[in-house]
Amino acid sequence: MTAPIILWFRQDLRLADHAALTAAVEKGVPIIPVFLWCPEEEGEWAPGAATRWWLYQSLGSLERALSEKGSRLVIRRTKDSAAELRKLIKESGATAVYWSRRYEPLIIARDQLIKQNLRDAGIEARSFNAALLVEPWDIQNNSGKPFQVFTPYWRKVSATLDLPKPLATPARIPTPPTWPVSTELDALKLLPKIHWYSGMQEAWRPGERGAMQHLGRFLDDSVANYGETRNLPAQTGTSRLSPHLHFGEISPRQIWHTAAKWRGSQFMAEIGWREFAHHLLYHFPRTTNEPLRLEYQKFPWRDDVKQLQAWQRGRTGVPLVDAGMRELWHTGWMHNRVRMVVASFLVKNLRLHWLEGARWFWDTLVDADLASNTLGWQWAAGCGADAAPYFRVFNPESQAEKFDPQSEYIQRWIGGDKNYPASPIVDLKESRAAAIAAWQTLRKPS
Ligand SMILES: Cc1cc2nc3c(=O)[nH]c(=O)nc-3n(C[C@H](O)[C@H](O)[C@H](O)COP(=O)(O)OP(=O)(O)OC[C@H]3O[C@@H](n4cnc5c(N)ncnc54)[C@H](O)[C@@H]3O)c2cc1C
C-alpha cells in the first residue's frame, strides 16, 4: 500500500489555488484531509463567537466540496495538535503532513515545533503559502529592515510581484483504503447556545463558492466606482471579502489575477493593507498586545466599564458610532469608514484602552483577524505603524455629514429606537481636548 499524506486544513478552507493540496495530489498517493479544532493553542486570541459561527459554516462547505470529489474531511477536537497528528499518522500509516502557513505568533511557534518533531520522527513535513501575495520575510526596505510605512511597502511589492496563475482545483483527490475516525462537525460546538446569529445568516454565504461569487459580483457591479463609494457606509461599495479572505476561502492571488485590470487601483491597495498587516504581525509579534511605539505604554488610559458597555451596545448617544456598533452586532461586520470612527471615539473621546476595542471586535467580527485587527486598532490609537496621529481626532458628527449625508446608514441602524439616548455620554469637544492633553503628557520628558 502507498502511504498517505495528511493534508492539514487550517485557515485555507478551499480547494482551488491550494499549493499544499496540489503538491499532495502530484505525489499520486492517498490524501487524508484533516481539520483539528484546538482553540487552547491560540491563547487569548482564540477564535471569538462570530468567527466560530463562520468557521462552522465554512467547514460544512469544505466537507461538501471534498465529498463532491469523492473525499472527506476528518475532523478532530484536541487540546494538542502535535499529539493528534501523531495519532493520525499512527492510525493511517501516513508518512507526510502538508499544510498552509499561518502568521499569528503562537501558531508560528507551535507549527515550527511540530515541523521539527515530525521531521525528527522521519515524517515529511512541508508548509506552503496560501494566504498572502508575498511572504513577510521576502520583502524589506532599502536598509534591509521590515517596512513600517505602507506606501513604500506597497510600491515595492507592486513593482516586484511576479505571481504565477492560481492553481486549479484538482480533478481528483485520491482516497485512502480506510478512513481514520472523524468527529461530527456539530460536536465541535462552534455555534453559540443562544441563537443570536440570524442577522449573520442573512448577510453571508460562507465557503469557497460564495467567496468567488462575491468577488464576481463586486467586479461586475462595484469596483469601477470603488474610489468614490468605498467611504459611504449606506452603500455596498466595498467587496465584503474580508471574512472569506480570513478563512482562506479565496486567495489574494486569485483576486490579483481575476481583478488583473484593477492592479493599480485603490481596491488592490486595500488588499495591500492586508499584506502589510501580516508583514507587521510577523516582524513585530508583540504588537498584538503592546503598542508598536513604546512611548504609548505610558499613555493615561481611563477605566470606565459603563462607558465601555455603552459603546459595545451602541448606546453612546452619538448616532454614527451607535449605528456602526449595531451593524457589527447584527451582521458581524462593520464598514471600514465606521470602524475608524467608532475606534477613534473609543480611544480618543472615551480614552479607553485600544485593547478593549480590539477584544470586542475580536468576539463580534466575522472577519476578526489578528494581523488586520491589531493594525486597525493601533492605527486608530496612534501607537502603531503608519498610524493616524493621536492629535487628529475624528469628529463623528462631521464624519456623518460627509459620508452619510442623507442619514441613510444611521436611520437603518438606529431609526426605530424609541429609547435612543437623548444626549451623548461625553461632550465631543471637551473629550477631544482632554484626549490631546493626555497625549501631550507623553511628549514631556520624564
Ligand atoms: C479598528 C479596525 C479594526 C479592523 N479589524 C479588522 C479585522 O479584524 N479583520 C479584517 O479583515 N479587517 C479589519 N479592519 C480593516 C477593514 O476595516 C476591513 O478589512 C474592511 O472593512 C473589510 O471590508 P471589505 O472586505 O468590504 O473591504 P474592501 O474595501 O473591499 O477591501 C478589500 C480587502 O482588503 C483588505 N483590507 C481593506 N482595508 C484594510 C485595512 N485597513 N487593513 C487590512 N486589510 C484591509 C480586506 O481583506 C478586504 O476584504 C479593521 C479596521 C479598523 C479601522
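Undergrad: In this structure, what is going on with the packing of aromatic side chains? I would like to understand it.
TA: Describing an aromatic ring pair means giving the distance of the ring centres and the angle of the ring planes. Taken as a whole and assessed by the stated rule, the structure comprises 29 aromatic pairs. On the basis of an interplanar angle of 80° and a centroid distance of 5.3 Å, the ring pair of W45 and W362 is categorised as edge-to-face. Separated by 317 residues along the polypeptide, W45 in the loop between β2 (31–37) and α2 (49–68) and W362 in helix α15 (residues 354–364) bring together distant segments of the chain. For W362, a relative accessible area of 9% translates into the label buried. Seen in terms of ring centroids, F299 and Y390 are 5.0 Å apart; in terms of plane orientation they differ by 50°. Their pairing is tilted. On the criterion of sequence distance, the pair formed by F299 in the loop between α11 (266–283) and α12 (305–312) and Y390 in the loop between α16 (370–381) and α17 (396–403) is long-range, its members being 91 residues apart.

Undergrad: Any chance you could explain the pairing of strand β4 (residues 96–100) here in plain terms?
TA: Successive residues of a regular strand alternate their side chains across the two faces of the sheet. Within β4, five of the five residues are buried, which leaves the element mostly enclosed by the surrounding structure. Pairing geometry for strand β1 (residues 5–9) and β4, over four bridges, is parallel. In the strand pairing of β4, W8 is matched with W99. Taken together, the five bridges between β4 and strand β5 (residues 124–128) define a ladder with parallel strand orientation. Bridge pairing in β5 links S100 to F128. Regarding the hand of the β-α-β motif, the stretch spanning β4, helix α4 (residues 105–120) and β5 is right-handed.

Undergrad: What is the right way to read the side chain of T78 from this model?
TA: Topologically, T78 is positioned in the loop between β3 (74–77) and α3 (81–92). A polar contact of 2.9 Å, which involves the side chain of T78, links it to the backbone nitrogen of D80. Setting aside anything within four residues of it in sequence, one finds T78 in contact with L36, W37, C38, E40 and E84.

Undergrad: Would you mind showing me how to read the domain arrangement of the protein here?
TA: How big an interface is tends to be stated in terms of the accessible area lost upon association of its parts. One can read the domain layout of the protein as domain 1 (1–130), domain 2 (131–165 + 207–283) and domain 3 (290–441). Each of domain 2 and domain 3 has a C-alpha centre, and the two are 24 Å apart. Tallying the contact residues gives 22 residues for domain 2 and 20 residues for domain 3. Three residues stand out in domain 2 for area buried against domain 3, namely N231, P233 and A234, and they jointly supply 30% of the buried area on that side.

Undergrad: Whenever I open this one, the pattern of salt bridges confuses me. Can you help?
TA: Two side chains that carry opposite charge are able to pair once their charged atoms sit near each other. Enumeration over the complete set of coordinates arrives at 20 salt bridges. Residue R102 pairs with E104 through a salt bridge whose shortest N-O separation is 3.2 Å. What emerges from the salt-bridge pattern is a single network uniting R10, E41, R110 and D111.

Undergrad: How should I be thinking about the packing of helix α14 (residues 336–349) against α16 in this particular structure?
TA: Contact geometry for α14 and α16: axes closest at 9 Å, N-to-C directions at 55°. Taken together, the axes of α14 and α16 are oblique relative to one another. The handedness of the crossing between α14 and α16 comes out as right-handed. Residues M340, A343, S344, L346, V347 and K348 of α14 form the contact with α16, whose own contacting residues are W377, W379, A380 and A381. For the contact of α14 with α16, a count of residues per class yields eight nonpolar, one polar and one charged.

Undergrad: How should the site of the ligand be read in this particular structure?
TA: Surveying the vicinity of the ligand reveals 27 residues, the closest of which are Y226, T238, S239, R240 and N336. Interatomic distance of 2.5 Å between a side-chain N/O atom of Y226 and an oxygen atom of the ligand. For the ligand, an oxygen atom lies 2.6 Å from a polar atom in the side chain of S239. Of all the elements in the fold, those that place two or more residues in the shell around the ligand are α9 (242–246), α11, α14 and α16.

Cut-offs and rules
- Residues numbered from 1 in each chain as written.
- Predicted model: local features only at pLDDT ≥ 70, side-chain atom pairs only at ≥ 80, totals over all residues.
- Heavy atoms only, no water.
- Phe/Tyr/Trp six-rings, centres within 6.5 Å; stacked < 30°, edge-to-face > 60°.
- Helix = DSSP H or I, 4+ residues; strand = E, 2+ residues; numbered from the N terminus.
- Buried < 20%, exposed > 50% of the residue type's maximum accessible area, 1.4 Å probe, protein only.
- Pairing = 2+ DSSP bridges.
- Right-handed = clockwise from strand over helix to strand, strands pointing away.
- Polar contact = N/O pair within 3.5 Å; in protein donor to acceptor, adjacent residues only side chain to side chain.
- Contact = heavy atoms within 4.5 Å.
- Domains from an automatic or database assignment.
- Buried area = accessible area lost by both parts, 1.4 Å probe.
- Salt bridge = Lys/Arg side-chain N within 4 Å of Asp/Glu carboxyl O.
- Axes fitted to C-alpha atoms, helices over the stretch in contact; angles between N-to-C directions.
- Parallel < 35°, antiparallel > 145°, perpendicular 65-115°, else oblique.
- Left-handed = near helix turned anticlockwise from the far one by under 90°.
- Nonpolar A, V, L, I, M, F, W, Y, C, P; charged D, E, K, R; others polar.
- Near = heavy atom within 4 Å.

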